Amino acid sequence: MRFFPVALVLLCLCAGAADKKKKPPDIQVLEIKARRDGSLVTIDGRLRATGEKPISRLVLSFDFLASGHSVIVTKKAGIDEDTLQTGDEAPFHVETNCPPKAIEIGVNAFKNGNVELSVENPGPYPIVD
């Protein structure tokens, strides 16, 4: 007899937790192009801060992927802006060595160099010749 009211309360609590709004991603990749130039790759793009808090010292991390989406190597690069407020857009330009078997890149982001952020539209994006 006691089990039924307890179960009902737990069911209501679980239903209430499911109704809560999901937190928006911290960063949204708006556009990105990766071009191979010999042994280098140039990555140009634009992103928007979409999180609830400002982002200080944003660092982008690019996973270079082989066929089958296996990560070959990861390269990091900072952006020029010190702090991004919600809604701010920022361009980025990265030039780095490109592993020969890499055909795509994926994007990750970190604030203050080590706190991982959630990214909307992380890829993978093709590396074109």
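Worth saying up front: this structure is predicted, and the values here are computed from it rather than measured. Residue positions are given per chain, counted from 1 along the sequence in the order it is written. Local features in this predicted model are restricted to residues whose pLDDT is 70 or higher, and side-chain atom pairs enter the listing and the counts only when it is 80 or higher, whereas totals over whole chains, interfaces and linings include all residues. No hydrogens and no water enter the side-chain calculation; it runs on all heavy atoms of the structure.

**Topic: the overall build of the protein**
By definition, any uninterrupted DSSP run of H or I lasting at least four residues is a helix, any uninterrupted run of E lasting at least two residues is a strand, and each is numbered from the N terminus. Across its full length, the protein holds 1 helix and 11 strands. Listing the helices and strands of the protein from first to last along the sequence gives α-β-β-β-β-β-β-β-β-β-β-β. With a 1.4 Å probe rolled over the protein chains alone, any residue whose accessible area is under 20% of its type maximum counts as buried; one over 50% counts as exposed, and the rest are partly exposed. Residue burial in the protein is summarised as follows: out of 129 residues, 33% are buried. Here, two residues are considered to be in contact whenever any of their heavy atoms come within 4.5 Å of each other. Relative to all contacts within the protein whose residues are 6 or more apart in sequence, the contacts with residues 24 or more apart total 64%.

**Quick look at the pattern of salt bridges**
Pairs can form between side chains of opposite charge whenever their charged atoms are close. When a carboxyl oxygen of Asp or Glu is within 4 Å of a side-chain nitrogen of Lys or Arg, the pair counts as a salt bridge. Applying the stated criterion to the full structure yields 5 salt bridges. Where Asp44 meets Arg35, a salt bridge forms, and the shortest distance between an N and an O atom there is 2.8 Å. Of the residues examined, Arg35 reaches a relative accessible area of 36% and is grouped as partly exposed. Close ionic contact of Glu89 with Arg48 constitutes a salt bridge, the shortest N to O distance being 2.7 Å. In this pair, Glu89 is assigned in strand β7 (residues 89–97) and Arg48 in strand β2 (residues 40–49), connecting sequence segments 41 residues apart. Looking at Arg48, the relative accessible area reads 26%, which means it is partly exposed. A network of salt bridges, in which partner residues are shared, links Glu31, Arg46, Arg48 and Glu89.

**Digging into the layout of surface pockets**
It is a probe the size of a water molecule, rolled over the atoms, that shows where empty space is left. In this analysis a 1.4 Å probe is tested at points of a 1 Å grid over the protein atoms alone, and where it fits but cannot get out there is a cavity; an open set with protein on both sides within 12 Å along at least five of seven lines is a pocket; lining residues have an atom within 4 Å of a point. Grid points are joined across faces, edges and corners, and a volume is the space filled by probe spheres set on the points. By volume, the largest pocket amounts to about 170 Å³. Lys23, Asp26, Gly51, Glu52, Lys53, Pro54, Ile55, Lys111, Val115, Glu116 and Leu117 are the residues that line the largest pocket. Amino acids outside the nonpolar list (Ala, Val, Leu, Ile, Met, Phe, Trp, Tyr, Cys, Pro) and the charged list (Asp, Glu, Lys, Arg) are all regarded as polar, and Gly is one of them. Among the residues forming the lining of the largest pocket, the class breakdown is 4 nonpolar, 1 polar and 6 charged.

**A word on unusual backbone geometry**
Each neighbour pair has its own omega, and for Gly123 with Pro124 the value is 20°, a cis peptide bond. Within the secondary structure layout, Pro124 lies in the loop between β10 (119–120) and β11 (125–128). The phi dihedral of His69 falls on the positive side, at around 65°, and the residue is not glycine. When you line up the elements, His69 lands in the loop between β4 (59–65) and β5 (71–78). A positive phi angle, close to 65°, is found at Asn121, a residue other than glycine. Along the polypeptide, Asn121 turns up in the loop between β10 and β11. Judged by its relative accessible area of 36%, Asn121 is partly exposed.

**Some words on the environment of Ala102**
For Ala102, the location among the structural elements is in the loop between β7 and β8 (104–111). With relative accessibility at 0%, the residue Ala102 sits in the buried group. Residues Ala102 and Ile72 lie 30 residues apart in sequence; the distance between their C-alpha atoms is 7.1 Å. For Ala102, the residues in contact, after removing those within four places along its chain, are Arg36, Phe64, Leu65, Ile72 and Ile127.

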